[in-house]
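Chain and residue survey
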Amino acid sequence: MTDSRFGTPTPPSSPANGCPLSSQPEAVPLHGDTLQGDTRELWELMRKRFGGIAPVEVEPGVRAWLMLGYSEHLEVLRDPHLFPHDARNWRELREGRMTPNHGTYPVFEYRPNALHTDGVEHQRLRGALVDAYEAFTTNRLRTDIEEVAGALIDSFAPYGEADLIDDFAYRIPLLVINRMLGQNDDHGYFLCDLMMDLWDGDAEAANAANVKMVGFLMDLVARKRVKPGDDITSRLLAHEAQLTDEEIAQQIMLTIAAAHDPTTNLIGNALRLLLLEQEMRVAVSGSQLLIHDAIEQVLWREPPFQTLAGRYARRDTEVAGYRIAEGDCLISGYAAANNDPILYDADGVHASARSSGNRSHLAWGAGPHRCPAQKIGQHMAASSIQTLVFRLSDMQLSVPERDLRWRPSLFIRGLERLPVVFTPQEVSTAQSGDQTCVNQSSSTPTPETPRPRPHDSENSGPWSRLSSLVRSLFGR
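Values in this document were obtained by computation on a predicted structure and should not be read as measured data.

Looking now at the overall build of the protein. The secondary structure content of the protein amounts to 19 helices and 10 strands. For the protein, with 476 residues in total, the buried portion stands at 58%. At a minimum sequence separation of 6, the contacts of the protein that also span at least 24 residues come to 75%.

The following block contains the structure:
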């Protein structure tokens with residue numbers, strides 16, 4: 001393979017290093033400049049060369065497999081016994097080739113939450129989360145989303161321009177989840193600031209935000225233990241699974257991570273599609289196309305997670321004709337799988353176009369680890385987009401499509417910016433009187449920074465690499 005999209009090929013490792021992947025085909029580096037630009041082309045080049053699964057490097061000298069085929073995903077994701085989600089099974093970690101010094105280490109690192117566990121423990125943690133989520137009715141969730149979206153639109157409507165990522169899509173998931181956690185909106189502003197520091201701050205700011213985030217979560221659990229309410233945190237505390245405070249804080253962190261950036265990118269990718277495809281936008285505006293059906297199109301075409309780590313072979317096996325050795329990592333390639341040639345009929349029509357609202361895509365995963373919060377994410381995207389399209393019906397991109405940039409991440413499919421212009425709107429006092437969830441001035445009271453407990457230091461196990469997890473996962 002000589003195409004420049006693959007970067008400089010790395011020679012196969014010597015068999016003496018103990019890595020069974022060394023006898024497999026040359027790996028494609030998925031780090032550095034390889035991830036710049038539109039990765040869809042990269043996935044297709046890899047499919048043509050390797051088929052349904054491809055050998056890759058996630059860091060120099062650190063090998064894994066990337067699943068590209070739709071059938072291969074179903075085979076692996078539906079068999080948690082053979083392919084568990086616990087990274088402690090990964091040979092590259094066990095034998096020291098993947099280390100904490102690698103940028104993607106936090107993505108693979110084990111954490112005691114529903115994503116990284118299997119079997120009975122996974123059922124216990126996931127069951128608690130599912131029960132906590134199901135307490136939120138569609139109407140209750142829609143009300144919160146519409147209030148948040150409306151207030152955010154009020155904050156930029158008078159100016160006639162906005163960046164729909166930073167000014168809108170970025171803030172909605174955090175502010176809505178904050179309410180679901182049982183906190184007032186002041187805590188939502190604080191949470192937005194923390195996440196921004198974790199993503200975009202320098203090392204000092206990111207480390208400080210990391211400590212504050214841990215204290216924020218543990219403080220939340222402590223407050224809800226004393227004064228519970230009808231919210232996710234309180235329901236986790238009261239659940240029959242009897243989660244510890246640490247486990248509850250970990251499940252909340254998983255909820256924030258899983259709901260925030262992926263939902264931000266689902267909203268952003270859907271808005272991009274509506275801005276570029278006028279017919280779809282007109283159909284949504286005129287209620288000829290349900291917004292949920294438009295969201296499904298985005299989940300097929302531009303899923304917010306283009307890849308996700310990982311599954312780990314419990315024994316030697318075979319996938320797509322390749323020998324998979326015990327301890328090998330298999331990374332899900334959802335974006336590639338959703339575009340698998342087997343999903344096209346003889347006339348070249350994709351499965352998503354053959355039936356309205358086709359939900360057989362892999363954007364939410366498959367098997368027992370299928371995302372438990374998919375309905376919440378879909379409602380966040382649909383309700384916020386509908387509110388925005390109704391309010392700013394004439395908005396247009398303010399830059400050419402070619403100037404839109406995708407974030408350079410192995411895992412996330414999201415835009416860096418989505419600048420638009422529209423007719424400025426006056427916002428009445430009645431409309432803007434409740435400044436819920438608007439980024440307020442420094443004179444606005446914010447919650448006291450939670451005090452980190454003794455174990456909430458930069459060196460406190462999995463928590464210590466929170467900022468690195470956010471950066472490496474989301475390409476910030």
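On to the packing of helix 5 (residues 119-133) against helix 12 (residues 245-276), then. Running from amino to carboxyl end, helix 5 crosses helix 12 at an angle of 65°, the nearest separation of the two axes being 11 Å. Considering the relative orientation of helix 5 and helix 12, their crossing is right-handed. Residues Glu121, Arg124, Leu125, Leu129 and Tyr133 of helix 5 pack against Glu247, Gln251, Leu254 and Thr255 of helix 12. The residue inventory of the contact of helix 5 with helix 12, partitioned by class, reads 4 nonpolar, 2 polar and 3 charged.

Grouped together as the largest cluster of nonpolar side chains are 89 residues, with contacts concentrated most on Leu164, Phe168 and Ile256. Residue contributions to this core peak at 15 residues, all from helix 12. The residues touching Leu164, leaving out its near neighbours within four places in the chain, are Phe156, Ala169, Leu271, Leu275, Leu388, Met395, Leu418 and Val420. Residues Met67, Met98, Tyr105 and Ala336 belong to the second largest nonpolar core, which totals 52 residues.

Take the sheet that holds strand 5 (residues 308-312) next. In space, the 5 strands of this open sheet follow the order 1-2-3-8-5, with mixed pairing throughout. Only two strands of the sheet have a single partner each, and these edge strands are strand 1 (28-29) and strand 5. Bridge analysis of strand 2 (residues 53-59) against strand 3 (residues 62-67) gives 6 bridges, and the strand direction is antiparallel. Within strand 3, the position partnered with Ile53 by the bridge is Met67. Each of strand 1, strand 2 and strand 3 is contacted by helix 1 (residues 39-50), which is oriented at about 130° to strand 2, the strand it contacts most. Here helix 2 (residues 70-77) sits on the sheet and contacts strand 3, strand 5 and strand 8 (329-332); the angle it forms with strand 3, its principal contact strand, is near 110°.

This part takes up helix 14 (residues 291-301). For helix 14, the buried fraction is high: 9 of the 11 residues fall into the buried class. Among all positions of helix 14, only Ile291, Asp293, Ala294, Ile295, Glu296, Gln297, Val298, Leu299 and Trp300 are buried.

Moving on to the sheet that holds strand 4 (residues 161-163). Taking strand neighbours across the sheet as the criterion, the 3 strands line up as 4-10-9 in an open arrangement whose pairing is antiparallel. Each edge of the sheet is formed by a strand with only one pairing partner; in this case those strands are strand 4 and strand 9 (396-397). Direction of pairing for strand 9 relative to strand 10 (residues 419-421): antiparallel, over a ladder of 2 bridges. Counterpart to Gln396 in the pairing with strand 10 is Val421.

What follows covers the pattern of salt bridges. In this structure the tally under the stated criterion is 29 salt bridges. The salt bridge partner of Asp219 is Arg223, with a shortest N-O separation of 2.8 Å. Of this pair, Asp219 and Arg223 both sit in helix 10 (residues 203-226), 4 residues apart, which is roughly one turn of the helix. Look at Asp219 and you get partly exposed, because its relative accessible area is 23%.

This brings us to helix 1. The terminal C-alpha atoms of helix 1 lie 16 Å apart, and with 12 residues this matches the ideal 16 Å at 1.5 Å per residue to within 8%. Inspection of helix 1 places Thr39, Leu42, Trp43, Leu45, Met46, Arg47 and Phe50 among the buried residues, and these make up the whole buried set.

As a further point, take the pairing of strand 2. Burial analysis of strand 2 places 7 of its 7 residues in the buried class, the great majority of the element. Strand direction decides the pairing type here: strand 1 and strand 2, joined by 2 bridges, are parallel. For Val28, the partnering residue across the bridge sits in strand 2 and is Val56. Each parallel crossover has a hand, and for strand 1 linked through helix 1 to strand 2 it is right-handed.

So, about the confidence of the model for the protein. Per-residue confidence for the protein gives a mean pLDDT of 82, with 82% of residues at or over 70. Per-element averaging of pLDDT across the protein places helix 19 (residues 466-474) at the bottom with 48 and strand 10 at the top with 98. Per-residue pLDDT stays below 50 along residues 433-437; that stretch engages in 13 contacts with residues further than four places along the chain or on separate chains.

Each aromatic ring pair is specified by the distance between its two centres and by the angle formed by the two planes. Under the counting rule described, the total for this entry stands at 7 aromatic pairs. When the ring of Trp65 is compared with that of Tyr322, the centres are 5.4 Å apart and the planes differ by 50°; the resulting orientation is tilted. In this pair, Trp65 is assigned in strand 3 and Tyr322 in strand 7 (residues 322-324), connecting sequence segments 257 residues apart. A relative accessible area of 14% means that Tyr322 is categorised as buried. Relative to Phe168, the ring of Phe156 has its centre 6.5 Å away and its plane inclined at 85°; by these criteria the two rings are edge-to-face. One end of the pair, Phe156, is in helix 6 (residues 138-156); the other, Phe168, is in helix 7 (residues 165-169), and 12 residues separate them in sequence. Taking the relative accessible area as the measure of exposure, Phe168 reaches 0% and is therefore buried. Clustering of aromatic rings is evident, with ring pairs tying together Trp90, Phe108, Tyr312 and Phe411. Positioned above the aromatic ring of Tyr110 is the side chain of Arg88, whose terminal nitrogen or guanidinium carbon lies 3.6 Å from the ring centre. Between the NZ or CZ atom of Arg413 and the centre of the ring of Trp406, over which it lies, the distance is 3.6 Å.

Procedures and definitions
- Residues numbered from 1 in each chain as written.
- Predicted model: local features only at pLDDT ≥ 70, side-chain atom pairs only at ≥ 80, totals over all residues.
- Heavy atoms only, no water.
- Helix = DSSP H or I, 4+ residues; strand = E, 2+ residues; numbered from the N terminus.
- Buried < 20%, exposed > 50% of the residue type's maximum accessible area, 1.4 Å probe, protein only.
- Contact = heavy atoms within 4.5 Å.
- Axes fitted to C-alpha atoms, helices over the stretch in contact; angles between N-to-C directions.
- Left-handed = near helix turned anticlockwise from the far one by under 90°.
- Nonpolar A, V, L, I, M, F, W, Y, C, P; charged D, E, K, R; others polar.
- Core = buried A, V, L, I, M, F, W, Y, C linked by side-chain atoms within 4.5 Å.
- Pairing = 2+ DSSP bridges.
- Salt bridge = Lys/Arg side-chain N within 4 Å of Asp/Glu carboxyl O.
- Expected span 1.5 Å × (residues − 1).
- Right-handed = clockwise from strand over helix to strand, strands pointing away.
- pLDDT = per-residue confidence, 0-100.
- Phe/Tyr/Trp six-rings, centres within 6.5 Å; stacked < 30°, edge-to-face > 60°.
- Lys NZ or Arg CZ within 6 Å of the ring centre and 35° of its normal.

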